[in-house]
Amino acid sequence: MAKQPENNRVDKTLRKLSLEKEAPKGVFVLLAVLFVFSIFLTSSISRSEATAVIFGIPFEIKSFTGISSMLGNICLICLAMLYRKTGYLTALALILLQFPLMFINIFIRSNYGNIPGLFNNILIILAITFIYFGNRKIQAYQNHIREQAVTDRLTGLPNRFACSELMQDLLKRSERFAIVSVDLNDFKSINDTMGHETGDHVLKAVADRWMSLANSLKTGTVDFVARSTGDEFLIIISGYGSLDDIERTITDYKTDLERKITIDDCDYYLSACFGYAVCPEDSDVIDNLFTFSDAALHETKKKGSGSRVMRFTPDVFSTEVSLEIERKIRSALTDNKILCHLQPQYDMDHHLRGFEALARLKDDNGKFISPADFIPVAEKTGLVDRIDMRVFELAVQFIGNVTAETGADITMSVNVSVRHLMKNNFIDDIRRVLRNYNVSPSIIEIEITESIMIDSADNALQRIDELKQLGFKVAIDDFGTGYSSLSYLNSFPTDMLKIDKSFIDNMSLNESSKQYVAMIISIGHTLDLKVISEGVESDDQVNVLKSIGCDYIQGYVWGKPMPLEEANRLVASRK
Ligand code: C2E
Ligand code: MG
Ligand code: MG
């Protein structure tokens, strides 16, 4: 019942925005009061015969009349300037109210001292009238610009900017709403086959249809339809009772769209995908709501043709994030911007054993994206081989140079993904890089995660054999996380076990975790393997690891991953 005025409010919201920029009401009252005060002040000091002494100079109080009447004039001008029509009419009324008294004084009481005041008032009326009409012109122009800024030229619907203003208004009043992103299916084919002019007519027809549906209030909710870009529309739905009402309203728009549209005697049957997010349930930040509803829309589109409705879920968003990361990886690979940082590894006497090469990818704002975020995406999209190769090349180049310069006897560990390891040209690729930089495989350690042994043990075994025959060292990374069986471990010709950080973290928490690490070390030694602990952060952990016979340490306690130049200085200054 109360929906009609609600709906009008949607349009008014957009118009009233410029009015909101008006000066506060309190200032209006203050100006009016100040004006009335200046009138009384002017009239009382104009009659005063007293003299005031300022800085030793005597002044007749009367001579201050000009100042107080100027104060009044300024108040009136401010009213007309700041408060448009209301201010102008108030200022006019305040001046005109003085006229009867002035006429009585001049024409009946023959008090000609009021004549300058009369002229002053006439001039002020002219001044505020000029200001008012000047303001009106500017106002009309501003309205026109504003109208254009919030309206889509082609369809006459409000645009995305208008939507965000409406959403801000709803948020301010703590009203619940849903933002729906809509994309017409196969609209491109109408443009391609029938031409852009027809395409434009179709978009207009959709806009008109949806606009009348929104205005009819048949959906039972308060809807606001806008065009975003191309064949994308937005609908803001508010005034609903339960979340189910949102989907019901969207279905109404879907059904309305699917009715035949006839243009120039040609019939068109349209459908669309709808993705939506709800405020405040999904987010109460406008940018996020747009991103979430767009993400839900793209997720539905990915599922193929046909019309579908989908609400945002965090899973959808992670797909979007993945796409964004994939884009960043691709552009970093093209622009050679994948970097490599080196984290030092030490023996228990704090002598440098070597480094682990870790891939680094910078965000557009210069911050590093964590490998924990981009390596899984690279694995999924098949880009990880290229990252591995880039890091491998940088690491090999580094160790080639640094060993030639300093004669240091150090090892370079590199991470290799399962995907890359299993590729036919993997061995050829890495041998080519070693040849280019004249580096022996014996100082390169290939890190393979424990999960390989479980998922693809036989294939991996063959590859690891090949690597060993070529003279590479092999380490099993993140050991302890994959529950590999001892028999597998025994059959893999590896050189090193890397105990995962999670076990090192737990060591200080309880005795059994410490015993667990001690057991891994002793298994490693039984199988004639060296053992390195990863993620060692404190001296206490170092001491415990020493006491249980660990061979090497890699962790923030003795060195974080660092850029190549820093690693170079570290090698040069090694003990
Ligand atoms: P990872 O191979 O186990 O590498 C060790 C990770 O532990 C690194 O994280 C390192 O910065 C971190 N780390 C080392 N010491 C400490 C410590 O004391 N405290 C803490 N909090 N962290 C420590 P990062 O660089 O974020 O790499 C994460 C994972 O991403 C690596 O785990 C590896 O699996 C993968 N990765 C990194 N670079 C590459 C690459 O070039 N290729 C492939 N395939 N994977 C890579
Ligand atoms: Mg590693
Ligand atoms: Mg690890």
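Calculation rules
- In this numbering scheme, every chain counts its residues from 1 along its sequence in written order.
- Throughout, the order in which chains and ligands are written sets their labels, letters from A for the former and numbers from 1 for the latter.
- Residue-level local features of this predicted model are given only where pLDDT is at least 70; pairs of side-chain atoms are given and counted only at 80 or more, and the full residue set underlies all totals for whole chains, interfaces and linings.
- Side-chain numbers here rest on the full set of heavy atoms in the structure, without hydrogens or water.
- Shown as donors are all N, O and S atoms within 2.8 Å of a metal ion, widened to 3.2 Å for Na, K and Ca; because water is not in the atom set, sites may appear incomplete.
- Buried means the residue's accessible area, taken with a 1.4 Å probe over protein chains only, is under 20% of the maximum for its type, while exposed means over 50%, and partly exposed covers the values in between.
- What is meant by a nonpolar core is a set of buried Ala, Val, Leu, Ile, Met, Phe, Trp, Tyr and Cys residues, joined one to another through side-chain atoms within 4.5 Å.
- Starting at the N terminus, helices and strands are each numbered in turn, a helix being any DSSP run of H or I of at least four residues and a strand any DSSP run of E of at least two.
- Only when DSSP finds a minimum of two bridges between them are two strands counted as paired.
- Only the stretch in contact is used when a helix axis is fitted, and all axes are lines through C-alpha atoms; the angle between N-to-C directions ranges over 0 to 180 degrees.
- Between two residues, a contact is recorded if the distance between any of their heavy atoms is within 4.5 Å.
- Patch building starts from residues that exceed 30% relative accessible area and form no salt bridge, then joins like charges within 9 Å and nonpolar side chains (Val, Leu, Ile, Met, Phe, Trp, Tyr) within 5 Å.
- Note on areas: these come from Shrake-Rupley sampling with a 1.4 Å probe, and a residue is covered only by the protein chains present in the view.
- Salt bridge criterion: a side-chain nitrogen from Lys or Arg within 4 Å of a carboxyl oxygen from Asp or Glu.
- The near set for a molecule or strand comprises every residue that places at least one heavy atom within 4 Å of it.
- What qualifies as a polar contact is a pair of N or O atoms within 3.5 Å, subject to a donor-acceptor requirement within protein and to the restriction that residues adjacent in sequence count only when both atoms come from side chains.
- Polar here means any residue outside two lists: the nonpolar Ala, Val, Leu, Ile, Met, Phe, Trp, Tyr, Cys and Pro, and the charged Asp, Glu, Lys and Arg; Gly therefore counts as polar.
- What counts as a domain boundary in this text is fixed by an automatic or database domain assignment.
- Here is the rule: rings of Phe, Tyr and Trp (six-membered ring for Trp) pair when centre to centre is within 6.5 Å. Planes less than 30 degrees apart are stacked, more than 60 are edge-to-face, and the remainder are tilted.
- In this analysis the charged atom, NZ for Lys or CZ for Arg, is taken to sit over a ring once it is within 6 Å of the ring centre and within 35 degrees of the ring normal.

**Q** Explain the coordination of the magnesium ion (ligand 3) residue by residue, including any values.
**A** In this structure, D477 (OD), D478 (OD) and E534 (OE) serve as the protein donors to the magnesium ion (ligand 3), at separations of 2.1 to 2.3 Å. Counting along the primary sequence, the residues that act as donors to the magnesium ion (ligand 3) give the motif D-D-x55-E. A separation of 4.1 Å is found between the magnesium ion (ligand 3) and the magnesium ion (ligand 2), both of which receive a donor from D477. For D478, a relative accessible area of 25% puts it in the partly exposed group.

**Q** Hey, could you go over the nonpolar core for me, with residue numbers and the actual values?
**A** For soluble globular proteins, the rule of thumb is that nonpolar side chains tend to be buried together. I329, F392, M412, I444, I446 and L545 are the most contacted members of the largest nonpolar core, which totals 76 residues. The element that contributes the greatest number of residues to this core is helix α15 (residues 384-406), accounting for 11 residues. Residues V202, Y240, L257 and I261 belong to the second largest nonpolar core, which totals 31 residues.

**Q** Hey, could you go over the sheet that holds strand β3 (residues 177-184) for me, with residue numbers and the actual values?
**A** Ordered in space as β4-β5-β3-β8-β9, the 5 strands form an open sheet in which the pairing is mixed. What marks the edges here is a single partner per strand, and that holds for β4 (222-229) and β9 (309-311). Between one strand axis and the next, the sheet turns by 20° as a mean value, whatever way the strands run. As defined by bridge partners, β4 adjoins strand β5 (residues 232-238) across 7 bridges and the pair is classed as antiparallel. Its bridge partner being in β5, F224 is matched across the sheet by I236. Taken strand by strand, helix α11 (residues 243-258) contacts β3, β4, β5, β8 (272-279) and β9, and its axis lies near 155° from that of β8.

**Q** Got a sec to walk through the pairing of strand β2 (residues 57-60)? Specific residues and values, please.
**A** Two elements, strand β1 (residues 51-54) and β2, share 4 bridges in a ladder whose sense is antiparallel. Across the sheet, T51 pairs through a bridge with E60, a residue of β2. If you look at the hairpin formed by β1 and β2, you'll find 2 residues sitting between the two strands, and F55 has a positive phi there, around 50°.

**Q** Account for a nonpolar patch on the surface, naming residues and giving values.
**A** A surface patch of nonpolar side chains, amounting to about 760 Å² of accessible area, comprises Y112, I115, F119, I122, L123, L126 and F130. One can find I122 in helix α7 (residues 115-150). Overall, the relative accessible area of 38% leaves I122 in the partly exposed class.

**Q** Account for the coordination of the magnesium ion (ligand 2), naming residues and giving values.
**A** The protein atoms donating to the magnesium ion (ligand 2) are E356 (OE), N415 (OD1), E447 (OE) and D477 (OD), with metal-donor distances spanning 2.0 to 2.2 Å. Along the chain, the residues donating to the magnesium ion (ligand 2) are arranged with the sequence spacing E-x58-N-x31-E-x29-D. For N415, a relative accessible area of 26% corresponds to the partly exposed category.

**Q** Please set out the pattern of salt bridges residue by residue, giving values where relevant.
**A** Counted under the stated rule, the structure contains 26 salt bridges. Between R173 and D169 there is a salt bridge; the shortest N-O distance is 2.5 Å. For R173, a relative accessible area of 35% gives the class partly exposed.

**Q** Before we move on, can you summarise the site of ligand 1 with the specific residues and values?
**A** Taken together, 23 residues are adjacent to ligand 1, and R360, D388, D477, E537 and Y556 come closest. A distance of 2.6 Å is found between a nitrogen atom of ligand 1 and a side-chain nitrogen or oxygen belonging to E537. Taking Y556, its main chain carries an N or O atom lying 2.8 Å from an oxygen atom of ligand 1. Starting from 800 Å² of accessible surface for ligand 1 in isolation, the protein chains cover 83%. At the level of elements, β11 (352-362), α14 (371-381), α15 and β15 (473-479) are the ones that each hand at least two residues to the shell around ligand 1. Examining the composition of the shell around ligand 1, we find that 4 residues originate from one element, β11, more than from any other. Here the shell around ligand 1 is composed, by residue class, of 9 nonpolar, 5 polar and 9 charged.

**Q** Explain the domain arrangement of the chain to me, using residue names and the numbers behind them.
**A** Segmentation of the chain into domains returns domain 1 (9-150), domain 2 (160-312) and domain 3 (323-573). Taking the mean C-alpha position of each, domain 1 and domain 3 sit 79 Å from one another.

**Q** I'd love a proper account of the packing of aromatic side chains, names of residues and values included.
**A** Summed over all chains, the structure comprises 13 aromatic pairs. Taken together, a centroid distance of 4.4 Å and an interplanar angle of 5° make the contact between Y88 and Y132 stacked. Here Y88, found in helix α5 (residues 84-96), pairs with Y132, found in helix α7; they are 44 residues apart in sequence, far enough to count as distant. We note that Y88, like Y132, is buried. Aromatic pair W210 and Y253: ring centres 5.8 Å apart, planes at 80°, arrangement edge-to-face. One end of the pair, W210, is in helix α10 (residues 196-216); the other, Y253, is in helix α11, and 43 residues separate them in sequence. The class of W210 is buried, set by a relative accessible area of 0%. Following the ring pairs from residue to residue traces out a cluster consisting of W210, F233, Y253 and F274. Over the ring of Y552 we find R353, and its NZ or CZ is 5.0 Å from the ring centre.

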